[in-house]
Number of protein chains: 2
Amino acid sequence: MEHNLKDLEHLFHPRSIAIVGVSSNPEARRRDRFLRPLLDFRFEGPIYPINPKGGEILGLKILPSIKDVPGVLDFVIATTPARFGPQLIKDCNAKGVKFVYFFTSGFSETGDNEGIELENEMVRIANVRGLRIVGPNCMGVYCPRARLSYRSDFPKEQGSVGSLCQSGGNSIMLVQMGASRGVRFSKVISYGNACDLNESDLMEYFLHDPDTEIIAIYVEGVKDGQRFISVLTQAAKVKPIVLLKGGVSEAGTRTVASHTGSLAGSDAAWDALCRQLGVIRVYTLEELCDVLVTFQFMSLPKGHNVGIVGVGGGASVLATDECESNGLTVPMLPTKSTEELLKFTPKAGNIIKNPIDSQVIFWDPGQFDNTIKILSDWKGIDFILALLGSSDVFPSYSGQQSMYNLMAKTMLESIFTSSKPVAIVLQPGIYPERYEESFFAQQEFVSAGFPVYPTVERAANAIGKFIDYHNRDN
Amino acid sequence: MEHNLKDLEHLFHPRSIAIVGVSSNPEARRRDRFLRPLLDFRFEGPIYPINPKGGEILGLKILPSIKDVPGVLDFVIATTPARFGPQLIKDCNAKGVKFVYFFTSGFSETGDNEGIELENEMVRIANVRGLRIVGPNCMGVYCPRARLSYRSDFPKEQGSVGSLCQSGGNSIMLVQMGASRGVRFSKVISYGNACDLNESDLMEYFLHDPDTEIIAIYVEGVKDGQRFISVLTQAAKVKPIVLLKGGVSEAGTRTVASHTGSLAGSDAAWDALCRQLGVIRVYTLEELCDVLVTFQFMSLPKGHNVGIVGVGGGASVLATDECESNGLTVPMLPTKSTEELLKFTPKAGNIIKNPIDSQVIFWDPGQFDNTIKILSDWKGIDFILALLGSSDVFPSYSGQQSMYNLMAKTMLESIFTSSKPVAIVLQPGIYPERYEESFFAQQEFVSAGFPVYPTVERAANAIGKFIDYHNRDN
């Protein structure tokens, strides 16, 4: 069944929402799990908590049944046990509901005939009226523009990344990790077992969605390989796609079957598909996030030549190795540039050949500006990697302004003057106080629109993939 | 020149220390850089700040010259500009000083004839009387047993890791990263340009040092290849050695020359050497730290088969992939074990085949104990990886005890009951409040003697290297 943008409109922009299965017991743990985020996000339509026993929750009356909902009902969040699924679908059909998403698990992913049959039965009933099921065994929909979220702590601003994420937990990690580094989302949907609405439907939606400029996928398996390849092929021609395939090892494939009841497909097949279509394949959630950060904040460098500036000799040596072992090149500065740097950089304690390791420039914004100018003016490099290092290295003295913060401030002001793209490596502090210091420094760079990475290795890898994506043949 | 334990005794256990070049200006930034750590560590011998202008610092009188130091003087920390180096060495000779370490840079690493000549001259003068120079261009000595440290924030307890670290900044990162995960050191020495005392002398010392059970090296280059190979060969027969070579890429090699004036050697040569001698080679400081954590806290598993227990379906799928792609095996549980687990683990929402993904066991310590018993009793697995996940996934509700802390507590109590080795993966929280929560949870696991890693990938890699080390041929 093919679907277009309009068909899924009310999935991401429902006019009203019912939450079926909220506990009537005020003491129940996490009974406000799906309700509170909607209230915190100030979802604009009516919200109806449902439980046959009635009662009240967060100031809202609990209705006994979906039938009691007044007016139109687009979207139902189901947290009832699996065995009540088919009856719920019947009630939704009767009410004219458009989408039901099942947080509930205990369906086909258990491998039991009972669970499989329940799931099949729900789909059969739903299809009669064109009701679409999301999940079961999933976390739901996050669409900041519609003030729709399954977590109160997700960002309320919208962005340009659309994500279809088969795992609910991984979708939470992706949004949280991305958010702290400035990534914002158009829509994120966790779609679990994909018994009805599946990865191809969602990919097709994101392909056409004008709010989505880049597509991030976490997929464990696909329902209809041919259709998925066809939709992925179309989408990859139009928007960058970053793909994390869960279940690539033998044991991982077995685990995928237990998690979302999916058929995983071989690692080699996925690899070939991604290469052929120009889909960016990643292997961890961290790497997925690194690539999104790069697409969101990095200007495209012309090539792989990087100029490194930072502090710490050993750190500079390791940074150089990490760049070169991840496909970047760290070319030696020409004599002319070195001589210019030597006008204000002491030889003692500094490295001035690319990488540039110099602490003195951090104490003199004018010198940092000059260093950036000399680096970015040289045609031998395509972009700059600025290393702030770890706040644990720089001792803080009571009663004095933190060295680390002073250094971050100088660096932030100077990198604005670069004529070439700049990326930041900011290693988070270890001890909580230092972590907080580095976290807030990171926020400054993020707010200023710079891509920030926790290690050189991760920066080099993501930036390399970004450059390669734009230089691919097709 | 060969040296033994006794020769370097006063380097790590000096009876008195002078710091030459402390500023007489009370306003000077970081003038207490090397003095304060000695006071904070309660170094037991006398400490003499030296500056011709005199004055006072932190309650100590500043003496005009080394000649004015009363009694024996074993150890001098030099922070004076390079050009004063030769005269300082003469003064030290006259006073009978045994070791001078030069924080100062501006010597051979600049590549200038002037710096090279200054360094050579110092060595010539020092060798007349048997005075040994550490550095120049280094951070110094950390020996908690001797209450000697170049940082106030290093741990005061001693441990069993001896580290020779050519870069001062990297030595700080290694101690800080290790400390937060429970690694403790016998001695750490940053030795910079190694103009006199070099990596072979130090390796030989650590080989014989009874306080050192494992040796960690960060090395950029060696002064005498033949001697180094000979000492490394001896040491590798007696103690585990973990080696991080800085400057393996072409640009890295060039950077090493500018950093510590060393000749780097080819990556392939280092690789062959490590393989041949059973030296564990690592590629980042993080990986070095992971391996040290493993040697310090992990009991040796009999093989590479791992049982995984944690929460989160997608997290379990990715954990399985990360284990298998790092040389571990995640075998499927036999029916007997699965049936036992099913007695108390609901099928819905859980994976019970290895990995075991079950949130319910985190709410019932008895069930977690049973899960650990079933996993560790099965002969098909050699150790357990327990995943706590990220605290950012588990929402905290105001006025309620943190879910994450409850989960950590249950897990910590249950893993004690395992009959097989257990390692923990605890992903640090992202937002400062969550980071703090995860940091303190980590401290609980560390205090209880468990190895803790931030990602499954890093755990699998380090544990794999640990097992392989013990199963090597020689």
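Since this is a predicted model, take the numbers as computed values, not measurements.

Thresholds, definitions, all that
- Residues numbered from 1 in each chain as written.
- Chains lettered and ligands numbered in written order.
- Predicted model: local features only at pLDDT ≥ 70, side-chain atom pairs only at ≥ 80, totals over all residues.
- Heavy atoms only, no water.
- Contact = heavy atoms within 4.5 Å.
- Buried area = accessible area lost by both parts, 1.4 Å probe.
- Salt bridge = Lys/Arg side-chain N within 4 Å of Asp/Glu carboxyl O.
- Polar contact = N/O pair within 3.5 Å; in protein donor to acceptor, adjacent residues only side chain to side chain.
- Helix = DSSP H or I, 4+ residues; strand = E, 2+ residues; numbered from the N terminus.
- Nonpolar A, V, L, I, M, F, W, Y, C, P; charged D, E, K, R; others polar.
- Least-squares fit on C-alpha atoms with pLDDT ≥ 70 in both.
- Domains from an automatic or database assignment.
- Buried < 20%, exposed > 50% of the residue type's maximum accessible area, 1.4 Å probe, protein only.
- Pairing = 2+ DSSP bridges.
- Right-handed = clockwise from strand over helix to strand, strands pointing away.
- Axes fitted to C-alpha atoms, helices over the stretch in contact; angles between N-to-C directions.
- Parallel < 35°, antiparallel > 145°, perpendicular 65-115°, else oblique.
- Core = buried A, V, L, I, M, F, W, Y, C linked by side-chain atoms within 4.5 Å.

**Section: the interface of chain A and chain B**
Interface size, as often reported, equals the accessible area lost upon joining of the parts.
Item 1. On the side of chain B, 79 residues touch chain A, which itself brings 79 residues to the contact.
Item 2. Of the roughly 5,800 Å² buried at the junction of chain A and chain B (both faces included), carbon and sulfur atoms supply 59%.
Item 3. Looking only at chain A, the three residues that lose the most surface to chain B are Arg-254, Leu-318 and Ile-430 of chain A, adding up to 10% of its buried area.
Item 4. Put simply, chain A and chain B have two salt bridges between them.
Item 5. The partner of Asp-112 of chain B in a salt bridge is Lys-347 of chain A, with the nearest N and O atoms 2.2 Å apart.
Item 6. Along the contact surface separating chain A from chain B lie 18 residue pairs in polar contact (both at pLDDT 80 or more).
Item 7. Those elements giving two or more residues to the side of chain A that touches chain B turn out to be α5 (168-180), β12 (241-245), α8 (250-260), α10 (285-297), α11 (313-324) and α15 (432-447) of chain A.
Item 8. Among the elements that take part in the side of chain A that touches chain B, α11 of chain A stands out by supplying ten residues, more than any other.
Item 9. Of the residues assigned to the side of chain A that touches chain B, the class counts are 31 nonpolar, 26 polar and 22 charged.

**Remarks on the relation of the copies chain A and chain B**
Each of the two copies of the chain can be brought onto the other by a rotation about an axis and a shift along it.
Item 1. Superposition of chain A onto chain B requires a rotation of 180° combined with a translation of 0.0 Å along the rotation axis, giving an RMSD of 0.0 Å. Each copy turns onto its partner about a two-fold axis.
Item 2. In this assembly the copies share their binding face: 100% of the residues contributing to the interface of chain A also contribute to that of chain B.

**Side note on the domain arrangement of chain A**
Item 1. What the domain assignment reports for chain A is domain 1 (9-134), domain 2 (140-297) and domain 3 (306-470).
Item 2. Taking only C-alpha atoms, the centre of domain 1 of chain A and the centre of domain 3 of chain A are 50 Å apart.

**Structural notes on the pairing of strand β1 (residues 17-20) of chain B**
Residue and element names in this part refer to chain B.
Item 1. The side-chain alternation of β1 yields two buried faces, one formed by Ile-17 and Ile-19 and the other by Ala-18 and Val-20.
Item 2. With four bridges connecting them, β1 and strand β2 (residues 47-50) associate as parallel partners. Bridge pairing in β2 places Val-20 opposite Ile-50.
Item 3. For the segment spanning β1, helix α2 (residues 35-40) and β2, crossover handedness is right-handed.
Item 4. Relative to strand β5 (residues 75-78), β1 runs parallel, the two being bridged by four bridges. The residue of β5 that forms the bridge with Val-20 is Ala-78.

**Remarks on the sheet that holds strand β7 (residues 132-134) of chain B**
All names here are of chain B.
Item 1. The five strands are arranged β2-β1-β5-β6-β7 in an open sheet whose pairing can be described as parallel. Only two strands of the sheet have a single neighbouring strand rather than two, namely β2 and β7. Going across the sheet, the axis of each strand differs from the next one's by a mean of 20°, ignoring polarity.
Item 2. In this sheet, β7 lies alongside strand β6 (residues 99-102) in parallel orientation, the contact comprising three bridges. In the strand pairing of β7, Phe-99 is matched with Arg-132.

**Looking at the side chain of Asn-137 of chain B**
Residues and elements named next belong to chain B.
Item 1. In this fold, Asn-137 is placed in the loop between β7 and β8 (140-142).
Item 2. Asn-137 sits in the buried class, given a relative accessible area of 14%.
Item 3. In contact with Asn-137, other than residues within four places in its own chain, are Phe-102, Phe-103, Thr-104, Ser-105, Glu-109, Gly-192, Asn-193, His-259 and Thr-260.

**Considering the packing of α8 of chain A against helix α11 (residues 313-324) of chain B**
Between two packed helices, both the angle of their axes relative to each other and the distance between the axes serve to describe the pair.
Item 1. Viewed as axis vectors pointing N to C, α8 of chain A and α11 of chain B meet at an angle of 170°, and their least axial separation amounts to 8 Å. Judged on the interaxial angle alone, α11 of chain B and α8 of chain A are roughly antiparallel. Counted together, Glu-250, Ala-251, Gly-252, Thr-255, Val-256 and His-259 of chain A of α8 of chain A and Gly-313, Gly-314, Ser-316, Val-317, Thr-320, Asp-321 and Glu-324 of chain B of α11 of chain B form the full contact between these two elements.

**Some words on the side chain of Asp-32 of chain A**
Item 1. Position of Asp-32 of chain A among the secondary structure elements: in the loop between β1 (17-20) and α2 (35-40).
Item 2. Side chain to side chain, Asp-32 of chain A and Arg-36 of chain A meet in a polar contact 2.7 Å long.

**Digging into the sheet that holds strand β15 (residues 351-352) of chain A**
Residues and elements named next belong to chain A.
Item 1. Read from one edge to the other, the open sheet built from six strands follows the order β15-β16-β14-β17-β18-β19, with strand pairing classed as mixed. Edge positions in the open sheet fall to β15 and β19 (452-453), since each of these has one partner strand only.
Item 2. Bridge count between β15 and strand β16 (residues 356-357): two bridges; the pairing is antiparallel. Across the sheet, the residue bridging to Ile-351 is Asp-357, located in β16.

**Points about the nonpolar core**
Item 1. By size, the foremost hydrophobic cluster in this structure holds 282 residues, and its most contacted members are Leu-11 and Leu-385 of chain A together with Leu-11 and Leu-385 of chain B.
Item 2. Those residues within four positions of Leu-11 of chain A in sequence are excluded, and the remaining contacts are Phe-75, Phe-99, Val-134, Val-141, Leu-148, Ile-189, Leu-197 and Leu-202 of chain A.

**As for the environment of Phe-450 of chain B**
Residues and elements named next belong to chain B.
Item 1. Structurally, the position occupied by Phe-450 is in the loop between α15 (432-447) and β19 (452-453).
Item 2. By relative accessible area, Phe-450 is classed as buried at 9%.
Item 3. Taking C-alpha positions, Phe-450 is 9.4 Å from Ser-299, a pair spaced 151 residues apart along the chain.
Item 4. Residue contacts for Phe-450: discarding those within four places in its chain leaves Phe-297, Leu-412, Ile-415, Phe-416, Val-422, Ile-424 and Phe-445.

**Some remarks on the pattern of salt bridges**
Item 1. Counted according to the given criterion, the structure contains 48 salt bridges over all chains.
Item 2. Residue Asp-32 of chain A pairs with Arg-36 of chain A through a salt bridge whose shortest N-O separation is 2.7 Å.
Item 3. Asp-32 of chain A gets classed as buried once you look at its relative accessible area, which sits at 10%.
Item 4. Salt-bridge contacts for Glu-413 of chain B lead to Lys-409 of chain B; the nearest nitrogen and oxygen are separated by 3.7 Å. Residue Glu-413 of chain B and its partner Lys-409 of chain B are both found in helix α14 (residues 403-415); the two are separated by four residues, about one turn of the helix.
Item 5. A relative accessible area of 49% means that Lys-409 of chain B is categorised as partly exposed.
Item 6. Here the residues in one salt-bridge network are Arg-132, Asp-196, Asp-201, Glu-204 and Arg-227 of chain A, joined through shared partners.

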